[in-house]
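Single-letter residue listing:
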Amino acid sequence: MSREIVEAMRALAAEKGISPERLIAALEDALLSAYKKQPGAAKYARVELDPETGDYRVIELLVPERLEAQLIVETIDEGTYLDPETGEYVEPQEPEIDPEKLALYRDQIDERDVTPDDFGRIAAQTAKQVILQRIREAERDMMFEEYQDRVGELVTGIVQQSDSRYTLVQLRERVEALLPRSEQVDGERYDHGQRVKAVIKEVSNSTKGPSIILSRRDPELIKALFELEVPEIADGLVEIANVAREPGYRSKIAVVSYADGVDPVGACVGPRGSRVRMVVSELRGEKIDIIPYNDEPARFVAKALSPARVREVLVDDDARQATVIVPDDQLSLAIGREGQNARLAARLTGWRIDIRSETEFATDGQDTSYEQEETSGRCGTILSNGRRCPNAALSESAYCGLPAHQALSRFSGSSVLFLTPFDDADIARLSDPDLSQEDVADLVARGEEACAAALAAQEAADIAAEQAETESEGEPALEVDPAPEAEPAADVAISVEPEAETVPETEAQPAEEQAGAEEPA
């Protein structure tokens, strides 16, 4: 063999990115295959190639019969397998001893040089096929090693073809990946030549080469897209703590900042929403809610239900359950379409969330789950239903971490009635520890007046209710026999249409009262 062939193999190795040693080993195997095509070739042989001069030698291995029988038995034992269909053990038909095993007994094996003068045309063709096969195997192994550690990484590819089962995406030259139907977003189209971004879901090796599976539904896609658009995330100043996603519809992400002065939500939104708009555009219009992460569960759950406004959050640490009280007009917004907003908030926080309106929570007298709870170390807020907030109080504070409950430290009492006239901005001012009592004196005065008015109205209502009850108990029951003439009056009262704006008092009277009025006549 000439030196030019060895140089050509090295150039090919550099072009394909394959190590030269691997191609030299492939050339030795190719020469061995070509030798075995020769008439009268030795049963056991090996090829030694000098990488500097290009000279080669074919060495015949004279294996003793006893050693050969021993190695064949070992080879049969290793190659025997259980057929799952028949339940029987199947032995290899033509067992071949592994050259590595022969190398272990090299001291017991005699050798002789049987290098042929030339190879025939068939032998040369066999050598060529072996070299090409080894190059393809080396390329597949390199591809697998390149992508096996890139699971979860964002890649960009060009759509080659798409059918009902999967979409074929070309990542780079001679590297293709599959986007199965199960990893595609409903409603998205993938046209030929279209550039698409996806994350690597799985990489596996097979006989036909590495199989790379992509995903457009995985939550890691949102993380990777934000890392691409937000420099603070790429630099580690801001981190996406968790992602809850319903692909194609809505997603919620919780972000946290590790640097003073860096707003995690503002960093992800970008100037005039430019950064989040790029992510939404790549996701084909999927809505994204960016939530600031908080170690306090009550605050985190309240923020996770955005854009709905939350009044109170009652947490049960043992059961990891949160009861959320929202204004009556915010109930449907907090639940979301088909429960989507509440479902995503539960996935994002990891807490089971029960959403209730203020009216329902205030009038529900059957729930006694918090009545017997130990109050030491708990928040001192008196809720709208008259019970004490079950959340744990913050250190050096009498209230929990909810801004509304922290705002009560400004007032003379602990009832949420002080907060009835305020919106979220006012509550944020009241709960701001950097503001003095004089800075919020006007808000405190409004809250005190509102609470006093609410207590006075409640007291008046209680007195009126007691008087009405006393009068009803003191008056004798009046028994009136229904007269036949009273039946038409009852019919008139029932037949009033709901659309009528006003109803005369005489028509709206019960049939019994009309009957009692007509009897003396």
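Before any of the text, the structure's been laid out above.
These numbers were taken from a predicted model, which means no experiment stands behind them. (Residues numbered from 1 in each chain as written. Predicted model: local features only at pLDDT ≥ 70, side-chain atom pairs only at ≥ 80, totals over all residues. Heavy atoms only, no water.)

Participant: With reference to specific residues and values, describe the sheet that holds strand E15 (residues 321–326).
Facilitator: Reading across the sheet, the three strands line up as E14-E15-E16 and stay open at both edges, with mixed pairing between neighbours. Each edge of the open sheet is held by one strand with a lone partner, namely strand E14 (312–316) and strand E16 (352–357). Sheet twist, expressed as the mean angle between neighbouring strand axes with direction ignored, is 20°. Pairing of E14 with E15, which is carried by five bridges, proceeds in the antiparallel orientation. In the strand pairing of E15, Glu312 is matched with Ile325. Against the sheet, helix H10 (residues 297–304) engages E14, E15 and E16, with an angle of about 125° to E14. (Pairing = 2+ DSSP bridges. Helix = DSSP H or I, 4+ residues; strand = E, 2+ residues; numbered from the N terminus. Axes fitted to C-alpha atoms, helices over the stretch in contact; angles between N-to-C directions. Contact = heavy atoms within 4.5 Å.)

Participant: Hey, could you go over the nonpolar core for me, with residue numbers and the actual values?
Facilitator: With 45 residues, the main nonpolar core has Val313, Phe411 and Leu430 as its most contacted residues. Listed by contribution, the elements that provide at least two residues to this core are H10, E14, E15, helix H12 (340–349), E16, helix H14 (403–407), helix H15 (424–430) and helix H16 (441–474). Ranked by residues supplied to this core, first place goes to H10 with five residues. Aside from chain neighbours lying at most four places away, what touches Val313 is Ala298, Val301, Ala302, Ala322, Thr323, Val324, Asn391 and Leu402. One finds Val6, Ala13, Ile18 and Leu23 within the second-largest nonpolar core, a separate group that totals 23 residues. (Core = buried A, V, L, I, M, F, W, Y, C linked by side-chain atoms within 4.5 Å. Buried < 20%, exposed > 50% of the residue type's maximum accessible area, 1.4 Å probe, protein only.)

Participant: Give me the environment of Pro20: which residues, what numbers.
Facilitator: Positionally, Pro20 belongs in helix H2 (residues 20–36). The partly exposed category is assigned to Pro20, whose relative accessible area is 38%.

Participant: Mind laying out H2, listing which residues take part and the relevant values?
Facilitator: Residues lying three or four places apart along an α-helix face the same way, a consequence of the helix completing one turn every 3.6 residues. In this model H2 runs 25 Å from its N-terminal to its C-terminal C-alpha over 17 residues, within 8% of the 24 Å that 1.5 Å per residue would give. Taken as a whole, H2 has its buried residues at Leu23, Ile24, Ala26, Leu27, Ala30, Leu31, Leu32, Ala34 and Tyr35. (Expected span 1.5 Å × (residues − 1).)

Participant: So, the packing of helix H6 (residues 220–229) against helix H9 (residues 274–282): which residues are in play, and what are the values?
Facilitator: Contact pair H6 / H9: the axes reach a minimum separation of 9 Å and the direction vectors enclose 140°. The orientation of H6 with respect to H9, classified from their angle, is oblique. For the crossing formed where H6 meets H9, the hand is right-handed. Facing H6, whose interface residues are Leu225, Phe226 and Glu229, H9 presents Arg275, Val276, Met278, Val279 and Glu282. For the contact of H6 with H9, the class distribution of residues is five nonpolar, no polar and three charged. (Parallel < 35°, antiparallel > 145°, perpendicular 65-115°, else oblique. Left-handed = near helix turned anticlockwise from the far one by under 90°. Nonpolar A, V, L, I, M, F, W, Y, C, P; charged D, E, K, R; others polar.)

Participant: Account for the packing of aromatic side chains, naming residues and giving values.
Facilitator: In the structure shown here, the tally under the stated rule is three aromatic pairs. Centroid distance Phe411 to Phe418: 5.2 Å. Interplanar angle 25°. Geometry classified as stacked. Here the aromatic cluster, defined as three or more aromatic residues joined through ring pairs, consists of Phe411, Phe418 and Phe422. (Phe/Tyr/Trp six-rings, centres within 6.5 Å; stacked < 30°, edge-to-face > 60°.)

Participant: Go over the pairing of strand E11 (residues 238–246) with me, naming the residues and quoting the values.
Facilitator: Strand direction decides the pairing type here: E11 and strand E12 (residues 250–257), joined by eight bridges, are antiparallel. The partner of Ile240 across the bridge, within E12, is Val255. The antiparallel hairpin formed by E11 and E12 contains three residues in its connecting segment, where Gly248 sits at a positive phi of about 90°.

Participant: Tell me about unusual backbone geometry, and please be specific about residues and values.
Facilitator: Going from Ser306 to Pro307, the amide bond is cis rather than trans, its omega being 15°. Positive phi values are uncommon outside glycine, yet Arg320 reaches one of about 50°. With respect to the secondary-structure elements, Arg320 resides in the loop between E14 and E15. For Glu338, which is not glycine, the phi torsion reads 55° and is therefore positive. By the element assignment, Glu338 lies in the loop between helix H11 (331–335) and H12.

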